[in-house]
Structure formats: structure tokens, C-alpha cells
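# Coordinate analysis (summary)
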Amino acid sequence: MIRTLLAAVAAGGILAAGAAQAQDKIKIGVLATLEGALTTLGEDAIRGMQIAMKQANAKAGGKTIEVVTFPTNASPDSAIRGARKLVEQDKVDILVGPVSGSEGIAIRDYSKTQPQVTFLNGSSGAMETTFVTPSENFFRFNMDGAQWLAGLGKYLVEEKKYKKIAALAEDYSFPYTQLFGLTLEYCQAGGQIVEKFWVPLGTKDFGSIIAKLPDDVDAIYLGLGGGDAVNFFNQYSQAGGKAKLIGGSIMVDQTVLSSKGAAKRLAIGVPSAGPQADVWDDPKWQAWVKLYQESFPPDKRFTSPSLTGTAYYNDFNAVFQVLNAINGDLSDGHKKFRAGLAALELDAPNGKIKLDQNRQAIGTNFITEVVELPNGDLVNKAVKTIPNVSQMLGLDPATRQKIGLPSRTNPECKTSY
Amino acid sequence: MAVEASRTSGILPASAPAPTAASSLPRYPALWLLALFLLILPAFGSDFVLIQLFGWTFILGMIALSLMFLGGYGGMVSLVQMTVAGCAGYMVAIFGTSAVAEISLGWPWWLAVVVAIVIATLFGTLSGALSVRTEGIYTIMITLAIASAFFYFTLQNYSIFNGFSGFNAVRVPQVFGIDWRAAVPFYYLTLFWAVIAYLAVVYVSRSPFGLALQGTRDNARRMEALGFNVTAHRIAAYAFASVIAAVAGVLLVWHGGQISPGTAGVGPVVDILIIAVAGGMSRPIGPFIGALIYVLLRTFALDVMEAVGLDGKRFQLLVGVGFLLIVLFSPDGVLGLWQRWHRRFLAPAAPPARGGVR
């Protein structure tokens, strides 16, 4: 019986390959992390996609939109396998995804071998994806990790008067990229980063690091995320830590702020930056938060949309807008569709987004501070918005190229580059 | 007999027949039909079926085959085989070319591949040397420890292994004017090496060395009394299995075009054990059957769940239940099911097989 079942599964899969593709249908493949450490972010990405699909009534440019999802586990291997299945087996026309950084680079490479498909990045934020050897048919409507800290450096020096800071971050590419963005701006504004501490991703015990944190600095930048961020807050409060803190884009997001325990009270007042703020008085943003909250019951969603939810929602809206404008015409290797995407100025809930010549987003960034709502919830409130943040990070292209890519040691802290 | 009992009960389920070399003869018509099917598959299979289903099956099957060789003929369940494959994949990326130009040395592909296989084989042999003096669960523990250590080392070492991001844009070379990255050539490449590995295991299992190895599995003490160096035999078995895993590792890095710590993380390491057990540890074809089931489940579980109206997010449930059912109904994997079915309907005259060691 089991063998029959398995045989049926196998046969079904192989036969589906031959199914003819109807002309009045456009297939979109979605890659999202539905297992492993980033599952909650992947699930919110799916919610963003579902809201956009519902809003458009699964139709765009006079054609029916069909979505096929594939689960990944945040490893590039799984992203490639998923993309292959969606592109080569399900024959999708457009692929949206993935969620995390290394996956994005792998999909960018894969997109070069599939010129007939148009790829939209989901929410992955590695700088290399579009900055080095970009792919003709890969579009990214979200900013990279370095852009996500744009504006924070100046804010720290000018408003907060933090002249000397130390940095503590996880030892992999995303925190490098974030610190890259912060260092360039903060050091040019006259700040100094005196020491950097790197901890492995998934660190449970911060005891020895907390003991080593210097006292003679104005604040400590924290480039942690998820469980690591929660663990750090708990242990730092138990150790009686008093230093002022600065957060990376995922240090004080909803996954951390909605966790249980009193230690997160340390987060109140922490400045941070990212591509969105939980509380922002822009009507478009508030309409999006309301739509998100009404679309799912409270136990099946976050308090407000996460940045993956917003990113996937934006991607689908970009696809729908362009398809509507060109009447769903994907002929001639998506020529009209790609030209439409490249020229699009997306009026997204988190600010206007357009693409540069590498098909990388130039968008709006938010400086935020954590505040406590009357009901005790902690949220990120927008204190400042920075429009038109590009991958050049305010430098001229030649200088920007010379600095290169983020690493543990790059860039150095200098007042001019 | 105490040694024998502890060994078989620790490694293979008691009812599973221990593999014997003679049973691997390709005398069944099914095997010839299978060979014909695999040879002409590119005539009607899509690129996806060729690379993503069968290419991946052959690669995982080879890695599981190296475990089957150690576990089935040598009585040593080694969880380090996926790590050996990962090590070979990393070496190809480090000595050959990748997008991480500051680390990759850019040697010609054939040199990089040979060096990768040699280094991975040394690594596997060394791991074997560390673990062969242990039995059963302790072998599993030691090899799992080596596998985890390798995973965390690659995750945190940036000067050689490039940490979390690993290496991307590792390309299959173009040789003899053929683009081996294209679907049909890559399919035949993986098929070729899978067949070579299969035949090598069949051959070695019937050679004096293979028979002696099966002797050490069944009664190490008696073999020692007969003058065989049990430890040396076991280490040699590790070396042989490592070569197979290393070749598969080279194909694996070419298949994905990249390698990162997650490729040989603890999850994939355990997956190889699941593949070998679900397929059947008694014959070299078992791991390939297990790999095919694994690949099909991993690829289509979400679609199947959604097709029957269940929440697609719970696709792991189907994967888990699938393997649970196989192991529950047949302790010797799919092979065991096949053998029982074969016995009942096709060869009723044959005497029922005895459990344990023949």
C-alpha cells in the first residue's frame, strides 16, 4: 500500500511536468523559509504574498495568477533545489524569493541560467547579490543590509551625541553588511568604533563577552537577531549592564520585542534603523498595518507586519502593477515586463521604491526608537525617514567600488574615504 | 557469540538478513529493465526530472551507499559519510574556481578534483581510524561528533572555508567540448559514477577483502583468532567508502553550484542514515531506492499536502510519516518489503528466510 502511494506520488510528479500551460494564466513561484531558524519570517512572507493576491483577486493584466510555493530552510542548497523545481518542473513565469542573504546570492547565480524567467528577490539583503556581477533578469525591490542602517550613523553623532562606540555582532555576512553601512556613515560624521566583538550565530552564553565589553564608550552597537538577541538582553540585564545600546535592523524587531520576559525592557529607547517602522503616521503605512491585522486572526500573525511580510507584499504589487500596465504581455522573453519593472516607481507602504541600473532598490529608510505602548507592547517608532537611499551609501561610485565588500575588518573607521 | 549478538542488535534490526555477497548478482530481469529505463530516460524526461530528481538521487544514493558498505558489510554505522562528501565539495571549491576569488586557488579542474578526492579520503580514513575500536552506538556518537565538529568549523572559519556563506558559482567544467552542466550530460555523468560505485561495492563485497570484512562484522573475535587484522580491515573499509563519498561530494558541489556549511550540517548527515535505513542496508541497490524516495518526498510533499487540502506548512509531517511507515512495516527498508513480496508471490517454493546471520 505504501509502495502504491509512493508510486502514485512519483508518477503524479513526473506527469505534471508534461501538463500544457494555458495562455490565459501566469504562474508565479514563491520561495520562503518554512523550516529552520527563519521559519517565522518565511511564514510572514507568505502572509504578505497572500494579502497581495487577495487584493488583486488573483488576477492581473487580464490573466489569472497562479502561485506555487516551495519551502526552503535558509540554506543556499535548499533555495537552488526549490528554484529548480519551480522553474523546471512547475514552469513558473516569474519567481519571487528568497528570504535570506546567502540564498539570494545562489538564486542570483541560478537566474543567469534561466533567462526566460523573471526573478524578483523576496527579502534577502546581501550586498553582493546586486552589487557584484548582477543578473539581467534579477530584480530587487528591497534594500540591502547596509542600506538598512542608512541615516543611523549621523543620527547617533548629531542627535544622540555618541562619539565612541563598540560593536557586538554575529559572525556572518548579514551583520558584516549592516556594520559596513553604519561604519561608513558614523565614522565620516566623526564617530569612532573602538572595538568589535564577533560571536557565532546561535550563541547561547554571552557571559564572557559581556564581561569584556568596554566601559569607556558612549554606547554599544548590537548586531544580533532572533534568539541570540533575546538571550543577550536576558543575560545583560542579569549582569546588571547599564550601557546605552544601539540596535541593528533585526536586534529590536517584533520577533524580539514580542518575546516573553522582563529583560527586553532594556530595549526601550534603543535607536535602530531599517526599511520600516512599526509605528509611522503615514496613512499608507497605517492602511497596510490595518489590512494585515484584518487579514489574519491575532494568533496567526505578528502584531504588525514584519519586514519580510512587507517585502513580499511589495514584490507582488510590483508584479501586478506592471502586468496591468502591459496587459499581461510576457511575449518576447518578458521584454515589456522587465522594462516595466525597471522603470517602476513603487508607491509602497514603507515609502517610494525605484530601481537603479543594477535593478537594486533605491528606497526609504527609517530611523526608529523603541517605545512602550499604553498596553505594554514594545514597538519601533519612526523618528526620522531618509528618502532615496541607494547602494552607493552617499559616496561617489568610484570611491564606493574601491571600498569593496563587507567583511570582519572592512571597512576601516575613517573620517573620509 | 556475545560479540556477535551485540554487534547485530546494535547495528541492524535483529530480523534483517545480513547482506551476503552472493545475493547481489544482476540476474533479475527487473535489474535489466531498470538499466534500460535509466539509459533512455533523457529521451522523455524533462531537465528537472534528469537533474533534480535523478541526478540528486544518484548523488545522495552514492553517499548512502558508502554508509551501506560500512554498515551492511562492516557492521559500522558511520555518520561521517556526508561530511566526507562535504569535505570533497569544499576542496573542489577551494582548489578550483568559485566566486570567492580571494580564497579559491583556481587550479585546473582535474587537479582540483583529484586533490579533493585524496584529501576527503584521508579525512574519512582518519575518522575511521578514530572510531573503529568502538562498537554500535559509540561508533555513531564518535562519527556524529566529527560531523558536527566539521560543520561548526566550516561555519566559523573564514580564512579557508569562508564561514557562513561558503562558496558559490562553482561550475562544472567543460571537457571534450561538452557542457557538463547541461541536463543530459550531467545526468549521464552522475549515472555513470553511481553505476561505477555500485559495481565497485558489489565487486569488493565478493573479494577476499570484502568476505573478511563480513567476517569481522559477524564475529570479530574469531576473525582475529584466525589471524586477520580486524582494525586494519575496518580502516581499509573506511578508506574505500570514503572514496565513493568523496566522488559523490564532487558531484554534489557541481550539482548545486555552491557549497556552504549547511550542505554537510547535522540535518543532512542524519538524512543519509535515514536514506540508507529506509532503502535497506542489505544490498547496494537499497541506498539508491532510499535516495529516490527521499528526493520525491522532499520535492513533492508540499504539493501533495495542498492537493489533498491540508496546510502546506506541515509538509514535514508527510516526509516523517512516509519514512516512519517504511521502517515500521519493514525493518529492512523498502528492500525488505520487496524481498518479502517477491518470496510470497514469485518464488513460493523458496524456503522462508531465517532472521539473523546466514
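All values reported here derive from a predicted model rather than from experimental measurement. (Residues numbered from 1 in each chain as written. Chains lettered and ligands numbered in written order. Predicted model: local features only at pLDDT ≥ 70, side-chain atom pairs only at ≥ 80, totals over all residues. Heavy atoms only, no water.)

## A look at the state of the cysteines
Between two cysteines, a covalent bond joining their sulfur atoms is known as a disulfide. Residues and elements named next belong to chain A. For clarity, the threshold we go by: Two cysteine sulfurs form a disulfide in these notes if their separation is within 2.5 Å. Numbering of helices and strands runs from the N terminus; a helix is a DSSP stretch of H or I covering at least four residues, while a strand is a stretch of E covering at least two. Relative accessibility under 20% of the residue-type maximum defines a buried residue, over 50% an exposed one, and the middle range a partly exposed one, all with a 1.4 Å probe and only protein chains included.
A full pass over the atoms with the stated rule returns one disulfide over all chains. Paired by a disulfide, C187 and C413 hold their sulfur atoms 1.9 Å apart. Judged by the torsion about the S-S bond (-105°), the C187/C413 disulfide is left-handed. Note that C187 is positioned in helix α7 (residues 173-188) and C413 in the segment after α14 (397-403), a separation of 226 residues in sequence. On the accessibility criterion, C187 (0% relative accessible area) is buried.

## Regarding the packing of aromatic side chains
Selection rule: Only the six-membered ring of Trp is used, alongside the rings of Phe and Tyr, when aromatic pairs are assigned; centres must lie within 6.5 Å, and planes under 30 degrees apart are stacked while those over 60 apart are edge-to-face, with the rest tilted. A ring is considered to have a charge above it if a Lys NZ or an Arg CZ atom is located within 6 Å of its centre and within 35 degrees of its normal.
Applying the stated criterion across every chain yields a total of 30 aromatic pairs over all chains. Seen from their ring centres, F206 of chain A and F232 of chain A are 5.5 Å apart, and the 90° between their planes marks the pair as edge-to-face. With F206 of chain A in the loop between β8 (192-199) and α8 (207-212) and F232 of chain A in helix α9 (residues 226-238), this residue pair connects regions lying 26 residues apart in the sequence. With a centroid separation of 5.6 Å and an interplanar angle of 45°, the aromatic rings of F123 of chain B and F150 of chain B are classed as tilted. Of the two residues, F123 of chain B is situated in helix α5 (residues 109-131) and F150 of chain B in helix α6 (residues 136-156); the sequence distance between them amounts to 27 residues. Here F150 of chain B falls in the buried class, since its relative accessible area comes to 9%. Across from the ring centre of F302 of chain A, 5.7 Å away, lies the NZ or CZ of R47 of chain A, which sits over that ring. The ring of F131 of chain A has R400 of chain A lying over it, and the distance from NZ or CZ to the ring centre is 4.3 Å.

## Examining a nonpolar patch on the surface
Residue and element names in this part refer to chain B. Operational definition: Within this analysis, patches are made of residues with over 30% relative accessible area and no salt bridge. Like charges are joined at 9 Å or less; nonpolar side chains (Val, Leu, Ile, Met, Phe, Trp, Tyr) at 5 Å or less. Per-residue accessibility takes into account occlusion by the displayed protein chains alone, with areas from the Shrake-Rupley method and a 1.4 Å probe. Each reported salt bridge corresponds to a side-chain nitrogen of Lys or Arg within 4 Å of a carboxyl oxygen of Asp or Glu.
Side chains of L34, L36, F37, L39, I40, F44, V184 and Y188 sit close together on the surface and give an oily, nonpolar patch of about 700 Å² of accessible area. For the nonpolar patch, the secondary structure elements donating two or more residues are α2 (29-40) and α7 (183-206). Sorting elements by how many residues they give to the nonpolar patch places α2 first, with five residues. Here Y188 falls in the partly exposed class, since its relative accessible area comes to 31%.

## Here's the deal with the interface of chain B and chain A
Condition: Every residue pair with non-hydrogen atoms within 4.5 Å of one another is taken to be in contact. Accessible-area loss on putting two parts together, using a 1.4 Å probe and summing over both, is the definition of buried area adopted here. In protein, a polar contact means a hydrogen-donor-capable atom and an acceptor-capable atom, both N or O and within 3.5 Å, with residues adjacent in sequence counting only if both atoms are side-chain atoms; elsewhere, any N or O pair within 3.5 Å suffices.
Contacts between chain B and chain A engage 36 residues on the former and 34 residues on the latter. For the chain B and chain A pair, buried surface summed over both sides reaches about 3,300 Å², with 65% attributable to carbon and sulfur atoms. Linking chain B with chain A are one salt bridge, by the criterion used here. One salt bridge in this structure joins E35 of chain A and R298 of chain B, with 2.9 Å as the shortest N-O distance. Viewed at the interface, chain A and chain B are joined by eight residue pairs in polar contact (both at pLDDT 80 or more). If you list the elements that add at least two residues to the side of chain B that touches chain A, you get α3 (47-74), α10 (230-256), α12 (286-307), α13 (315-329) and α14 (333-345) of chain B.

## Overview of the packing of α5 of chain B against α10 of chain B
Residues and elements named next belong to chain B. Filter applied, for reference: Angles here are taken between N-to-C directions and fall from 0 to 180 degrees, while the axes themselves are lines fitted to C-alpha atoms, restricted in helices to the stretch in contact. Orientation categories follow fixed angle ranges, with anything under 35 degrees roughly parallel, anything over 145 roughly antiparallel, 65 to 115 roughly perpendicular, and all other angles oblique. Crossing handedness is read from the near helix: turned anticlockwise from the far helix by less than a right angle, it gives a left-handed crossing, and turned clockwise, a right-handed one. Throughout, the ten residues Ala, Val, Leu, Ile, Met, Phe, Trp, Tyr, Cys and Pro are labelled nonpolar, Asp, Glu, Lys and Arg are labelled charged, and all others, Gly among them, are labelled polar.
It is the contact of α5 with α10, at a shortest axis distance of 8 Å, that shows an interaxial angle of 140°. As far as their axial angle goes, α10 and α5 are oblique. Relative to α10, α5 is oriented so that their crossing is right-handed. Between α5, through W109, V113, I117, A120, T121, G124, T125, G128, A129 and S131, and α10, the contact on the second element is made entirely by I235, Y238, A239, S242, V243, A246, V247, V250 and W254. Of the residues in the contact of α5 with α10, the class split is 13 nonpolar, six polar and no charged.

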